[in-house]
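Secondary and tertiary structure notes
Chain by chain, the residues run as shown.
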Amino acid sequence: MRQEDKFSDEELIKRVRAGGKEFEDISMYMFHEFKGFLPKIKEKLNLPQQQMQDAYSDALVKMIRHVREGSFRGDSKVSSYFYTIFYNTAVDVSRKNASNKNMQTQELLEHNARERDLLVLIDNKDEAAQVISVMSSMGGVCQRILMDWGYYGYSMAEIATRSDLSNAESARSMKYKCLKKLRELLNTKMYNV
Amino acid sequence: MSQDKTERMEYFISLLDDYIDGKLSSGQTGEIERALEQDPFLKEVLKQHVQARANMRVAGEEELKKKFADGFDPIPEVIQPKFNLLKILLPIILLLGLAGAAYFYFSNQEETQESRQVYAHEEESSSRMLLASVEDPSYDLLRSQKDTLVADKWQQAVQYFISQEYIEADSILITLETDTSFIKDHIGKFSLMKGVANLKMKEHNAAAKALSQITSENPYFDQAQWYLALTYFYAEDKEKAKVQLENIVKDKSHYRQGQAKTYLDKLSE
């Protein structure tokens with residue numbers, strides 16, 4: 001994918017939701033495409049370079065999540081939607097700088113709306129608040145396979161190629177084992193907190 | 001676990017992803033929800049599965065952010081448009097000529113002009129302080145595919161608030177007020193929106209009451225302090241406004257310290 005290629009909003013949304021290579025490519029495309037907002041927000045809020053970069057990446061990841069989960073319904077242009085999220089994220093960073101409070105500026109460790117609804121349905125609200133993170137305890141291969149499947153949305157055949165497995169069936173079998181391992185790790189962690 | 005039970009469990013586990021994504025038929029959804037009610041073990045598995053998916057998403061997002069981190073260049077300053085010398089000099093020469101001519105005609109009216117300038121300055125300063133120009137706090141408009149009724153109401157309120165339709169936003173907030181659980185969990189963002197909406201509607205008492213609900217431990221406290229100061233300012237309650245604004249000015253780390261000074265100056269005029 002070349003940066004000179006231009007994509008309509010429909011195409012952007014379609015590719016983000018498609019997963020796999022298309023998703024990875026379009027994410028990088030949007031990363032470069034929306035960089036023009038950086039100087040504008042920097043001028044408004046005067047944040048240091050590193051914090052601008054962090055806010056920009058957080059905002060883009062957040063927007064991608066909204067697109068994939070259907071929270072973004074295309075009522076506005078993708079770029080306008082991103083600008084709003086980026087501006088709000090940067091304002092939060094600016095407020096955090098000003099007040100030096102332990103304020104959460106990103107949602108990375110929170111469940112999405114659907115997960116929260118489910119957890120509330122089966123559990124109490126307190127336990128629905130945060131993700132218990134154990135991915136770093138997984139082995140490298142398992143981590144790669146689960147992320148390719150669970151986040152990037154690659155097909156089993158693609159996962160087999162990417163993780164050097166013989167075929168899609170091996171990838172499926174590995175994914176099953178890795179997912180089981182992840183659930184066991186979570187089970188241990190949830191009841192040892 | 002008997003063979004039948006194991007197979008049944010395997011069957012439900014195979015449905016979990018589609019269930020979480022809301023992709024099951026209504027029949028299958030009913031089937032899995034009944035099983036969840038009856039089987040605490042399945043509930044546990046679903047809880048772990050939700051956590052597992054969240055783990056994959058969080059790890060994926062972190063990885064994506066790392067990829068982005070390598071793609072940044074130094075952020076350029078916003079470049080002001082360059083003028084060529086002639087474009088700058090020509091109007092200056094013309095202006096000087098006009099000013100010279102005007103000097104002879106209006107030299108006896110100098111005093112009047114000065115008073116007009118002061119008036120213009122005051123007008124400009126006041127217009128910056130018009131209630132309508134007060135910036136609203138930002139709220140994200142997030143929707144999920146399967147919103148709960150309360151979350152749906154909140155999204156509606158946010159939508160109205162962002163569109164500056166404060167009466168509509170407030171009327172939805174009033175219906176949310178009866179949900180004690182929602183209020184308990186979201187007192188900060190709720191009271192801030194209620195306070196600012198009422199401030200914009202010039203319902204100063206209601207605004208002050210809502211904003212005063214936000215205590216100093218709440219992450220929205222700095223914003224509540226600022227809008228409470230503005231509420232007293234626009235209610236022309238000078239004493240309370242002064243106290244609030246002075247508190248903000250004293251707090252060197254407050255995100256509105258500079259603007260609070262401006263409002264304090266205006267109060268002492």
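Anything mentioned here points back to the structure above.
Note that the structure is a prediction, hence the values are computed from the model and not measured.

Notes on the overall build of chain A
Regarding its fold elements, chain A presents 9 helices and 0 strands. From first element to last, N terminus to C terminus, chain A shows the α and β order α-α-α-α-α-α-α-α-α. When each of the 193 residues of chain A is scored for burial, the buried share is 33%. Long-range contacts, defined here as pairs at least 24 residues apart, represent 56% of the contacts in chain A between residues at least 6 apart.

What to know about the overall build of chain B
For chain B, the helix and strand inventory stands at 13 helices and 0 strands. Helices (α) and strands (β) of chain B occur, in sequence order from the N terminus, as α-α-α-α-α-α-α-α-α-α-α-α-α. Looking at chain B as a whole, 26% of its 269 residues are labelled buried. Counting only contacts in chain B whose residues sit at least 6 apart along the sequence, the fraction spanning at least 24 positions is 40%.

Remarks on the nonpolar core
Residue and element names in this part refer to chain B. Ala157, Ala169, Met193, Leu211, Tyr227 and Ala229 are the most contacted members of the largest nonpolar core, which totals 33 residues. Contributions of two or more residues to this core are made by helix H6 (149-162), helix H7 (166-176), helix H9 (187-200), helix H10 (204-211), helix H11 (221-234), helix H12 (238-250) and helix H13 (257-267). Looking at which element gives the most residues to this core, the answer is H11, with 8 residues. In this structure Met193 touches Tyr139, Ala157, Phe161, Ala169 and Leu173, once residues within four positions along its chain are discounted.

Remarks on the interface of chain B and chain A
Each side of the interface is counted separately: chain B has 47 residues, and chain A has 55 residues. In terms of residues, the side of chain B that touches chain A owes the most to one element, helix H3 (residues 40-69) of chain B, which gives 23 residues. Taken together, the residues that form the side of chain B that touches chain A break down as 20 nonpolar, 13 polar and 14 charged.

Some remarks on H7(B)
All names here are of chain B. Among the residues of H7, those classed as buried are Tyr166, Ala169, Asp170, Ile172 and Leu173. The arc that holds every buried residue of H7, seen down its axis, measures 160°, which confines them to one face. Exposed side chains of H7 directed beyond 90 degrees from the buried face belong to Ile167, Ile174 and Thr175. Where the residues of H7 are buried, they touch H6 and H9.

Considerations on the packing of helix H7 (residues 140-152) of chain A against H3(B)
It is at 8 Å that the axes of H7(A) and H3(B) come closest, and there the two elements cross at 95°. In terms of orientation, H7(A) lies roughly perpendicular with respect to H3(B). For the pair H7(A) and H3(B), contact is made by Gln143(A), Leu146(A), Met147(A), Gly150(A), Tyr151(A) and Tyr152(A) and by Arg53(B), Met56(B), Arg57(B), Ala59(B), Gly60(B) and Glu63(B), respectively. Of the residues contributing to the contact of H7(A) with H3(B), the split by class is 6 nonpolar, 3 polar and 3 charged.

Describing H10(B)
Residues and elements named next belong to chain B. The complete set of buried residues in H10 reads Ala207, Ala208, Ala210 and Leu211. Seen along its axis, H10 keeps its buried residues to an arc of 165°; they face one direction. Close packing links the buried residues of H10 with H9 and H11.

Some details on the environment of Phe190(B)
Residue and element names in this part refer to chain B. Mapped onto the secondary structure, Phe190 falls in helix H9. Judged by the 23 C-beta atoms lying within 10 Å of it, Phe190 falls in the buried class. Distance in space between the C-alpha atoms of Phe190 and Trp154 is 8.9 Å, their sequence separation being 36 residues. Sequence-distant contacts of Phe190, defined by excluding residues within four places in its chain, comprise Leu173, Leu176 and Ile183.

The rules we used
- Residues numbered from 1 in each chain as written.
- Chains lettered and ligands numbered in written order.
- Predicted model: local features only at pLDDT ≥ 70, side-chain atom pairs only at ≥ 80, totals over all residues.
- Helix = DSSP H or I, 4+ residues; strand = E, 2+ residues; numbered from the N terminus.
- Buried ≥ 20, exposed ≤ 12 C-beta atoms within 10 Å, placed from the backbone.
- Contact = placed C-beta atoms within 7 Å.
- Core = buried A, V, L, I, M, F, W, Y, C linked by C-beta atoms within 7 Å.
- Nonpolar A, V, L, I, M, F, W, Y, C, P; charged D, E, K, R; others polar.
- Arc of directions from axis to C-beta.
- Axes fitted to C-alpha atoms, helices over the stretch in contact; angles between N-to-C directions.
- Parallel < 35°, antiparallel > 145°, perpendicular 65-115°, else oblique.

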